[in-house]
Amino acid sequence: MKKFIILILLIVWFVVSYNSLIAKKYRVKEAASDILVQLKRRFDLIPNLVETVKGYAQHEKSVLEEVTKARTTAMANHEAGDLKKIAEAENSLSSTLKTLFAVAENYPDLKASQNFLELQREIR
């Protein structure tokens, strides 16, 4: 009788543990998916930001090209699905965006533009 009870408890423990691990596995996948969705949204906002800045900073073309190149690289890595490459590309993109925001500091009209301020807030 004791062996039967121990066997039943062992089976119940195994089933509960297995279900717990499966649930955690799906939570991790869901969290990774949420991150990728937010990164895609960020990628989609960058062209709007670049176009807004272009109107104010015609001679800052190299900075705008760097942002566009970093976005393209980040999107390519995003499509590939390699999280390590995605992280590296995101770091590069964040760095170029910081440069773009620093350039924007030199343009008071741009800093006052509601469109630019809203895009800047959403991208960060």
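Placed above this text is the structure.
Residues numbered from 1 in each chain as written. Predicted model: local features only at pLDDT ≥ 70, side-chain atom pairs only at ≥ 80, totals over all residues. Heavy atoms only, no water.

Undergrad: How would you explain the overall build of the protein if you had to name every residue and give the values?
TA: The helix and strand inventory of the protein stands at 5 helices and 0 strands. Listing the helices and strands of the protein from first to last along the sequence gives α-α-α-α-α. Burial status across the protein gives 29% buried among its 124 residues. Across the protein, the fraction of contacts at a sequence separation of at least 24, relative to all contacts at a separation of at least 6, is 70%. (Helix = DSSP H or I, 4+ residues; strand = E, 2+ residues; numbered from the N terminus. Buried < 20%, exposed > 50% of the residue type's maximum accessible area, 1.4 Å probe, protein only. Contact = heavy atoms within 4.5 Å.)

Undergrad: Got a sec to walk through the pattern of salt bridges? Specific residues and values, please.
TA: Inspection of the entire model under this criterion finds 2 salt bridges. In this structure, Asp-44 engages Lys-40 in a salt bridge whose closest nitrogen and oxygen atoms are separated by 3.4 Å. Separated by 4 residues within a single helix, Asp-44 and Lys-40 lie in helix H1 (residues 2–56), roughly one turn from each other. Classification of Lys-40 as partly exposed rests on a relative accessible area of 34%. Between Glu-90 and Arg-42 there is a salt bridge, and its shortest N-O distance comes to 2.4 Å. Of this pair, Glu-90 sits in helix H3 (residues 83–104) while Arg-42 sits in helix H1, placing them 48 residues apart in sequence. The exposure classification of Glu-90 matches that of Arg-42, with both residues buried. (Salt bridge = Lys/Arg side-chain N within 4 Å of Asp/Glu carboxyl O.)

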